[in-house]
Amino acid sequence: MSIKLTNVVKRYDSKLAVDQVSLNIQQGEIFGLLGPNGAGKSTTIKMIMGLLKPNSGEIIVHGLDIKSKSMEVKKLLGMVPQDIAIYDNISARENVGFFGSLYGLRGKELKKAVDEALEYTGLLDRQKEKPKKFSGGMKRRLNIACAIVHKPEIIIMDEPTVGIDPQSRNHILESVRELNRRGATVIYTSHYMEEVENLCHRVGIIDHGKLIALGTKEELKMQMNQEQLIQIEASDIRFNVVNEIKKLQGVINVSVKENILEVLTKNAQQLLQDILFVMGKGNTTIRNISLQEPDLESVFLSLTGRTLRD
Ligand SMILES: Nc1ncnc2c1ncn2[C@@H]1O[C@H](COP(=O)(O)OP(=O)(O)OP(=O)(O)O)[C@@H](O)[C@H]1O
């Protein structure tokens, strides 16, 4: 069940949303597509789903070209869209049943599939209720139940944990792992670096429509070439202090988020002393200092000069 994109391009009028993306998603993996808002993640997966047509390039799902075999491809795929797509006025069970019937499930087979999907998503005991009473997280779990009822071999999830409570979030992440353990290939988009880092076997980083990095987490971190992130929490980090730090030798990037200064470098030992000297001169009160080994956030920072949350 591999998915292969070759030189895929998508424009909305003059806006280039996906720019020559080529990647190969392997059977049985959880593949993370990571990028900031507007990077092109949803557009990419909508093209894999056959919901949008690329302007050029090729998408092959399990050996089938989606241009000519879109019906066959759709049966293999289950899509959890970013926007909740369920009916508020019928029960949770009826929602899942409806989606199952769209895929041709009937009778006992449908009943069993609905039971399993509700169980997976932890909604069995709420199955008779109408989703209009559900929390955002439960609606999203129901959305997932609807997407997996036909047991798709490939599950595509577009930012399924945005804006939901931690309990539902953990539930969703655990059900993604379980679906994968049972054989599903998963494509998971997110702009939460920690989520992708914990969940996904391989990651593609997308920015301004371009795939800028691709590999296992370890491979991506290796590309960082031993870069480290110094984080200093301090009160009143002044503009002129930041400017002076930017000029220090060995600095790759400097950013300030609220009262935390982050400096990317390959030579943390020496640079830290220089930074402390500059901050001391500027009468900055330091509360905490930490040194981080590279994570996907710093990979992104190093590639783009920006943080994912910018
Ligand atoms: N229907 C549309 N018409 C015009 N421009 C669009 C349309 N859909 C998306 N775009 C633009 O294409 C770019 C990529 O959008 P896309 O939704 O694929 O990004 P994303 O990475 O999924 O971001 P988000 O997390 O915000 O959904 C953005 O600049 C967006 O504004």
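From a predicted model like this one, the values you see are computed outputs, not experimental measurements.

Moving on, we come to helix α3 (residues 92-102). Those residues of α3 not exposed but buried are A92, R93, N95, V96, G97, F99 and G100. Two residues or fewer past α3, G104 is found with a positive phi of approximately 90°.

This paragraph deals with the sheet that holds strand β5 (residues 64-65). Two pairing modes exist for strands in a sheet, parallel and antiparallel, and in both the strands are linked by backbone hydrogen bonds. The strand order β2-β1-β4-β5 describes an open sheet built from four strands, whose pairing is antiparallel. With one partner strand each, in any of the chains shown, β2 (15-25) and β5 form the two edges of the open sheet. In terms of strand pairing, strand β1 (residues 3-12) meets strand β4 (residues 56-61) through five bridges, oriented antiparallel. Across the sheet, residue L5 finds its bridge partner in β4, namely I59.

With respect to spatial proximity, 13 residues lie near the ligand, and among them Y12, A17, K41, S42 and T43 are the closest. Within the residue set of the shell around the ligand, elements represented by two or more residues are β2 and α1 (41-49). Broken down by class, the residue content of the shell around the ligand amounts to three nonpolar, seven polar and three charged.

According to the domain assignment, the protein contains domain 1 (3-221) and domain 2 (225-293). On a C-alpha basis, the centroid separation for the pair domain 1 and domain 2 is 39 Å.

When pLDDT is averaged along the protein, the result is 90, and 99% of the positions lie at 70 or above. Of all helices and strands in the protein, the one with the weakest mean pLDDT is helix α11 (residues 296-304) (77), whereas β1 scores best (97). Scored by ipTM, the complex comes to 0.96, with pTM at 0.78.

So, about the packing of α3 against helix α4 (residues 107-120). Put simply, α3 and α4 touch, their axes get as near as 9 Å, and they point 125° apart. With respect to α4, the axis of α3 lies oblique. Judged by the sense of rotation from one axis to the other, the crossing of α3 with α4 is right-handed. Residue-level inspection shows R93, V96, G97, G100 and S101 of α3 in contact with α4, the latter providing L110, A113, V114, A117 and L118. Of the residues in the contact of α3 with α4, the class split is six nonpolar, three polar and one charged.

With that out of the way, let us pick up the environment of Q269. Within the secondary structure, Q269 is located in helix α10 (residues 268-281). Along the backbone, Q269 and I230 are 39 residues apart, and their C-alpha atoms lie at a distance of 9.8 Å.

Reading the values: rules and limits
- Residues numbered from 1 in each chain as written.
- Predicted model: local features only at pLDDT ≥ 70, side-chain atom pairs only at ≥ 80, totals over all residues.
- Buried ≥ 20, exposed ≤ 12 C-beta atoms within 10 Å, placed from the backbone.
- Helix = DSSP H or I, 4+ residues; strand = E, 2+ residues; numbered from the N terminus.
- Pairing = 2+ DSSP bridges.
- Near = placed C-beta within 6 Å.
- Nonpolar A, V, L, I, M, F, W, Y, C, P; charged D, E, K, R; others polar.
- Domains from an automatic or database assignment.
- pLDDT = per-residue confidence, 0-100.
- Axes fitted to C-alpha atoms, helices over the stretch in contact; angles between N-to-C directions.
- Parallel < 35°, antiparallel > 145°, perpendicular 65-115°, else oblique.
- Left-handed = near helix turned anticlockwise from the far one by under 90°.
- Contact = placed C-beta atoms within 7 Å.

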